Amino acid sequence: MPTVLVPGVLRAEAGGAAHLEVGDGGTLGAVLDEIRERWPRLERRIRDESGALRRYVNVYVDGEDCRRSGGLDTPVPAGAEIQVLPSVAGG
């Protein structure tokens with residue numbers, strides 16, 4: 001099963017969990033669809049209304065930036081680690 005690592009800033013949307021176990025969806029899009037079903041508030045922070053990844057959120061599958069490896073079609077093998085990293089603004 002793939003594991004989604006949830007950063008502290010998004011844990012409230014995941015019921016306080018730091019790690020989420022998801023089914024073997026095959027692609028990042030399928031994993032995010034499952035997150036939408038189980039943790040809809042978290043999914044809304046990752047994807048926009050059209051279903052695309054939000055500009056300020058970086059997602060890595062086994063350390064590879066998904067934007068460079070297929071976007072939502074990025075393969076997610078069994079046992080993969082998916083890291084969600086929202087940008088943090090400051091000033």
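Along each chain, residue indices are assigned from 1 in the same order as the chain's sequence is written. Only residues with pLDDT of at least 70 are given local features in this predicted model, and only at 80 or more are side-chain atom pairs given and counted; all residues enter the totals for whole chains, interfaces and linings. Excluding hydrogens and water, the side-chain values take into account all heavy atoms of the structure.

A. Geometry of the side chain of E43. Counting from the N terminus, the helices are the DSSP runs of H or I reaching at least four residues and the strands are the DSSP runs of E reaching at least two. With respect to the element layout, E43 can be found in helix α2 (residues 40-46). Contacts: residue pairs with any heavy atoms within 4.5 Å of one another. Each residue touching E43, except ones within four places of it in the same chain, is listed here: L32, I35 and R36.

B. Fine view of helix α1 (residues 28-38). Listed in full, the buried residues belonging to α1 are L28, G29, V31, L32 and I35. Viewed end-on, α1 has its buried residues packed into an arc of 160°, placing them on one side of the element. Here the buried face of α1 lies against β1 (3-5), β3 (26-27), α2, β4 (57-61), β6 (75-76) and β7 (81-86). For every residue, the accessible area (1.4 Å probe, protein chains only) is compared with the maximum for its type, and the residue is labelled buried under 20%, exposed over 50%, or partly exposed between those bounds. The directions considered for the arc are those from the helix axis to the C-beta atoms.

C. Representation of the sheet that holds β1 within the structure. Criterion used throughout: strands pair if DSSP finds at least two bridges between them. Read from one edge of the open sheet, five strands run β2-β1-β7-β4-β5, paired in mixed fashion. Of all strands in the sheet, those with a lone pairing partner are β2 (19-21) and β5 (64-65), marking the two edges.

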